[in-house]
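Residue-level structural notes
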Amino acid sequence: MERLQEVLDFNKKFVENKEYEAFTTSKFPDKNIVILACMDTRLVELLPQAMNFKNGDIKIVKNAGALVSHPFGSIMRSLLVGVYELQAEEIWVVGHHDCGSCAVQPDQVLEKMRKEVSDEVVDTLEHAGIDLKNWLQGAEDVTEGVRLSVDRIRNHPLLPKYATVHGLVINPENGELEQVTD
Ligand SMILES: [Zn+2]
């Protein structure tokens, strides 16, 4: 709560001082790209700066691991909305080295969940046929994860032919990019 109050106090001044003016742009990406990236904290500013993108240039969709884990989930929906409604023509999937999502051990996460929400809840979900381990599982390795997501997007039945899809991996320490699909 204390942190939220700090932010609200800062925000009041930010708006009063019209500091937003430096960020004024439209909802359409000037460079016609929508990026799917990982939510890793090291990439918050590093990713756009290492690619020379500023406010208004691109759309960024983020999740744990930059993964499209379901063809009709919210990530795929966001990418398609970006293409159909918001003038994106390219989709770039950007994974990164040392990704916490790849390192996720579903068994360990389930253990933690059992402590927080009770064994009963976890057991009930599993009995209802929800495969929690599979659901929590990240990619085996970052390149594989990016390739898998790129494949899912490229082969999506609702992706228009004009949209191109690329896969990249970024180094979260120095911002170096590596292209992993053609
Ligand atoms: Zn990550």
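Reading guide: rules and limits
The residue numbers shown here count from 1 along each chain, following its written sequence. A pLDDT threshold of at least 70 governs which residues receive local features in this predicted model, and a stricter bar of 80 or more applies before side-chain atom pairs are shown or counted, although totals over entire chains, interfaces and linings include all residues. Values reported for side chains reflect all heavy atoms of the structure, with hydrogen atoms and water molecules removed beforehand. Donors, by definition, are the N, O and S atoms found within 2.8 Å of a metal, the threshold being 3.2 Å for Na, K and Ca, and water is not counted, so a site can look incomplete. Numbering of helices and strands starts at the N terminus; helices are DSSP runs of H or I of at least 4 residues and strands are runs of E of at least 2. For every residue, the accessible area (1.4 Å probe, protein chains only) is compared with the maximum for its type, and the residue is labelled buried under 20%, exposed over 50%, or partly exposed between those bounds. Put plainly, a pocket is an open set of points on a 1 Å grid over the protein atoms alone with protein on both sides within 12 Å along at least five of seven lines, a cavity is a set where a 1.4 Å probe fits but cannot get out, and a lining residue has an atom within 4 Å of a point. Grid points are joined across faces, edges and corners, and a volume is the space filled by probe spheres set on the points. Start and end points for every domain follow an automatic or database-based domain assignment. Aromatic pairing here means that ring centres of Phe, Tyr or Trp (its six-membered ring) are within 6.5 Å. Orientation follows from the plane angle: under 30 degrees is stacked, over 60 is edge-to-face, and everything else is tilted. What makes a nonpolar core is a set of buried Ala, Val, Leu, Ile, Met, Phe, Trp, Tyr and Cys residues whose side-chain atoms join them at distances within 4.5 Å. Residue contacts are counted whenever heavy atoms from the two residues lie within 4.5 Å of one another. Note that the arc is defined by the directions from the helix axis to the C-beta atoms. We count a salt bridge whenever a side-chain nitrogen from Lys or Arg sits within 4 Å of a carboxyl oxygen from Asp or Glu. What qualifies as a polar contact is a pair of N or O atoms within 3.5 Å, subject to a donor-acceptor requirement within protein and to the restriction that residues adjacent in sequence count only when both atoms come from side chains.

1. Topic: the coordination of the zinc ion
- Protein coordination at the zinc ion comes from Cys38 (SG), His96 (NE2) and Cys99 (SG), with a distance range of 2.0 to 2.2 Å.
- Counting residues between consecutive donors of the zinc ion along the chain gives the motif C-x57-H-x2-C. Taken together, the residues span a long stretch of sequence, with Cys38 in strand E1 (residues 33-38) and Cys99 in the loop between strand E3 (90-96) and helix H4 (106-117) at a distance of 61 residues.
- Given a relative accessible area of 8%, Cys99 falls into the buried group.

2. Overview of empty space enclosed by the protein
- In the structure shown here, the tally under the stated rule is 1 cavity of 30 Å³ or more.
- The computed volume of the largest cavity comes to approximately 60 Å³.
- Together, Gly65, Leu67, Gly95, His96, Cys99, Ser101, Cys102, Ala139, Asp141, Val142, Gly145 and Val146 line the largest cavity.
- Only E3 and helix H7 (142-154) provide two or more residues apiece to the lining of the largest cavity.
- Among the elements that line the lining of the largest cavity, the one with the most residues is H7, at 3 residues.

3. Quick look at the layout of surface pockets
- Put simply, the largest pocket is a space of about 590 Å³.
- Along the wall of the largest pocket there are 21 residues; nearest its centre are Leu67, Ser69, Trp135, Gln137 and Gly138.
- Sorting the residues of the lining of the largest pocket by element identifies helix H3 (74-85), helix H6 (132-136) and H7 as the ones contributing at least two each.
- Considering every element that reaches the lining of the largest pocket, the biggest residue donor is H7, with 4 residues.
- Counting residues domain by domain, the lining of the largest pocket receives three or more from each of domain 1 (32-99 + 141-182) and domain 2 (101-138).

4. Considerations on the packing of aromatic side chains
- Counting across every chain of the model gives 2 aromatic pairs.
- When the ring of Phe10 is compared with that of Phe14, the centres are 6.1 Å apart and the planes differ by 35 degrees; the resulting orientation is tilted. Of this pair, Phe10 and Phe14 both sit in helix H1 (residues 2-16), 4 residues apart, which is roughly one turn of that helix.
- Judged by its relative accessible area of 53%, Phe10 is exposed.

5. Structural notes on the nonpolar core
- Grouped together as the largest cluster of nonpolar side chains are 22 residues, with contacts concentrated most on Leu36, Val68, Leu79, Ile91, Val146, Ile153 and Leu159.
- Elements with a minimum of two residues in this core: E1, H3, E3, H7 and strand E4 (164-170).
- Of all the elements, H3 adds the most residues to this core, at 5 residues.
- If sequence neighbours within four positions are ignored, Ile153 has contacts with Val68, Met76, Leu79, Ile91, Val93, Leu159 and Val165.
- Ranked by size, the runner-up nonpolar core spans 14 residues in total, among them Ile33, Met51, Ile58 and Cys99.

6. Here we look at helix H2 (residues 43-50)
- The set of residues buried in H2 consists of Leu43, Leu47 and Pro48. Buried positions in H2, seen along its axis, are confined to an arc of 105 degrees and lie on one side of it. Turned more than 90 degrees away from the buried face of H2 sit Glu45 and Gln49, all of them exposed.
- Looking at the buried positions of H2, the neighbouring elements they touch are E1, strand E2 (58-63), E3 and E4.
- Following H2 by one or two positions, Asn52 adopts a phi angle in the positive range, close to 60 degrees.

7. A word on the domain arrangement of the protein
- Domain assignment breaks the protein into domain 1 (32-99 + 141-182) and domain 2 (101-138).
- Each of domain 1 and domain 2 has a C-alpha centre, and these two points are 27 Å apart.
- Contact residues are listed per partner, giving 6 residues for domain 1 and 4 residues for domain 2.
- On inspection of domain 1 and its partner domain 2, the count reaches 0 salt bridges.
- Counting the contacts that link domain 1 with domain 2 gives 4 residue pairs in polar contact (both at pLDDT 80 or more).

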